[in-house]
Amino acid sequence: SSAANSCCQYDEAEQILRRGLANARSLYDQLPSYLLLSQILQAQGKVKDVYDTCSAILTELGESIPECFTLSESSVMLVETLKMYEEVGDKWLEGEKTDDKTLQTTLQFYNVIALASYFCKSYSMVVYFTCKAVQLTLHRGLCEHTIITLLQFTSVVTKDENAVQCYRIAKGAMSLRETFDVSAQIPELYFNFYGRIAWRFEPFQAGIEPLRQGFEVGLSSGNKDMGLHCLIHTVKNALFSGASLKSTLKEIDYYLHLLKTYKSEVTNNFMLNFRETVSLLIDNGEATSIPEKAVFGDLNDPGNKPREAFFHHAVIRAYWSGYTERCYYYSEKYMSISWQEVRFMKVQMEFYHGLNSIEKLRVRNKKHVKKNTEVLRNSISVMRNAAIHSDWNYANKLCLLVAEQQSLSCDHLNAIKLYDASIKSARKSGFIHEQGLACEKAGFYYKRYGAVHKALDYFKQARECYEEWGSSMKVDFIQNELN
């Protein structure tokens, strides 16, 4: 069954496994098979079946699974769990290891059901499962699955007010790799740490290679589904790091080719979505687009979690193409459905939503001034909080938002100072696309005030940045201004 699963022959893998389960003499004989079954079902996108399978097994193991869990209950449980961890302290990670097989198995099922519940249940249920798993390992001891338990927990519950604490816990968990043999868990570890936690504190670029490694290990070890989760975050980090668009497009095409073998409709849609965005940024899709497009189902269905990907890519495309109203529409759509926790894409969308609101404020439509002013203030607040933890990732974005705000207030000296600070910060962080954007905004600022030579200087800088990024669309746009 495991061999068939590694070859993406899921129906055969499931049939073989169910025959084996029928011959097992006890629950404990069945547990490894049920874990593999969950992996096979997950790979086919049958998250509800995964959830039901894990729920039944955890119940058999003596765990309680609530029918529902409220947001207020999850908030209380989160605080209790963090308090329990602080009571034992980081020294607990250096404590005695346990060989409790039941604990190890129970943690594995909790980790699987937490991921499945993200797609088919509420945020509160995800919090419940991750908290329960942490409380269990704190009570019964350290084992090899403690690492992913702590990482999954911190990736779900981190908020601005507990970010430093959660990052410390996550880093401590990663240090346990020296204690246990976790080679088989690399995809899960890297997906949770580099894909869902580290972005708050570490350079976006730092996660690209580990995530790519998680993808490769996942495919080679038969853990395809988690490997593909790593793949999605690899491309995401590359895109927002300002990596060469042409190289990124080439990589995406390679991954799309691989996905013909390692079949995953969800990942294929994510890659097609990325491809459409990158293609637009390169040349507006004129020579780089392909007929195949991503399909995200009913965009009005609250249970359709992947629709978030559609909306945030729609925001990116609309913003860089200069479609202000379209960008506003999709930004509002994204913000209205985004989950309770502050995630990477939510912060990125706040940046674009804030910049776009400034363009709407320049029109001075009294009907929308209050709303767009509120959007801008919120975006600046979000970026300021993000920059506290990662100056590298967010200082340039904060400076650019405030520079644009000051330009609306006609505060010339502060606006210029902040445009230059944004340019300098983006250059330092290697965000060539956002360096170009800051140069472009400064150029338009000087143009509005009739300082033609200064405007030309900044536009030329913007053109150089966009050329390096590989965006012919933006190069042509800036060249029109220069002309």
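As a reminder, the structure under discussion sits directly above these lines.
Below is a short write-up of the structure. (Residues numbered from 1 in each chain as written. Predicted model: local features only at pLDDT ≥ 70, side-chain atom pairs only at ≥ 80, totals over all residues. Heavy atoms only, no water.)

**Considerations on helix α13 (residues 245–258)**
Working step 1: Taking 1.5 Å of rise per residue, the 14 residues of α13 would be expected to cover 20 Å, and the 20 Å separating its terminal C-alpha atoms lies within 8% of that figure.
Working step 2: What α13 keeps buried is the set Leu-245, Thr-248, Leu-249, Ile-252, Tyr-255, Leu-256 and Leu-258.
Working step 3: Those residues of α13 hidden inside the fold are in contact with α11 (208–221), α12 (224–240), α14 (265–283) and α22 (452–469). (Helix = DSSP H or I, 4+ residues; strand = E, 2+ residues; numbered from the N terminus. Expected span 1.5 Å × (residues − 1). Buried < 20%, exposed > 50% of the residue type's maximum accessible area, 1.4 Å probe, protein only. Contact = heavy atoms within 4.5 Å.)

**Things to note about the pattern of salt bridges**
Working step 1: Under the definition given, this model contains 21 salt bridges.
Working step 2: A salt bridge links Arg-200 to Asp-160; its shortest N-O distance comes to 3.4 Å. With Arg-200 in the loop between α10 (186–196) and α11 and Asp-160 in the loop between α8 (146–157) and α9 (163–175), this residue pair connects regions lying 40 residues apart in the sequence.
Working step 3: Its salt-bridge partner being Asp-253, residue Arg-275 comes within 2.6 Å of it at the nearest N-O pair. Of this pair, Arg-275 sits in helix α14 while Asp-253 sits in helix α13; the two residues are 22 residues apart in sequence, bridging distant segments of the chain.
Working step 4: Overall, the relative accessible area of 6% leaves Arg-275 in the buried class.
Working step 5: Its relative accessible area of 31% is what places Asp-253 among the partly exposed residues.
Working step 6: Several salt bridges converge on common partners, so that one network encompasses Glu-86, Asp-90 and Arg-168. (Salt bridge = Lys/Arg side-chain N within 4 Å of Asp/Glu carboxyl O.)

**Things to note about the packing of aromatic side chains**
Working step 1: Inspection of the entire model under this criterion finds 35 aromatic pairs.
Working step 2: Arranged with centres 5.9 Å apart and planes meeting at 65°, the rings of Tyr-51 and Phe-129 form a pair that is edge-to-face. With Tyr-51 in helix α4 (residues 47–60) and Phe-129 in helix α7 (residues 123–140), this pair connects stretches of sequence that are 78 residues apart.
Working step 3: Aromatic side chains Phe-311 and Tyr-330 sit 6.1 Å apart centroid to centroid with 40° between the ring planes, which places their arrangement in the tilted category. Here the residue Phe-311 occupies a position in helix α15 (residues 307–321), and Tyr-330 occupies one in helix α16 (residues 324–337), the gap between them amounting to 19 residues. When sorted by exposure, Phe-311 lands in the same class as Tyr-330, which is buried.
Working step 4: Among the aromatic residues, ring-to-ring pairing joins Trp-199, Phe-204, Phe-240, Phe-344, Tyr-394 and Phe-431 into one connected group.
Working step 5: The ring of Tyr-328 carries the charged tip of Lys-360 above its face, separated from the ring centre by 4.7 Å. (Phe/Tyr/Trp six-rings, centres within 6.5 Å; stacked < 30°, edge-to-face > 60°. Lys NZ or Arg CZ within 6 Å of the ring centre and 35° of its normal.)

**A look at α15**
Working step 1: Relative to the 21 Å expected for 15 residues at 1.5 Å per residue, α15 spans 21 Å between its end C-alpha atoms, a close match to the ideal helical length.
Working step 2: Judged by how many residues are buried, α15 sits mostly within the fold: 13 of 15 residues are covered.
Working step 3: Gly-322 sits one or two residues past α15 and shows a positive phi near 85°.

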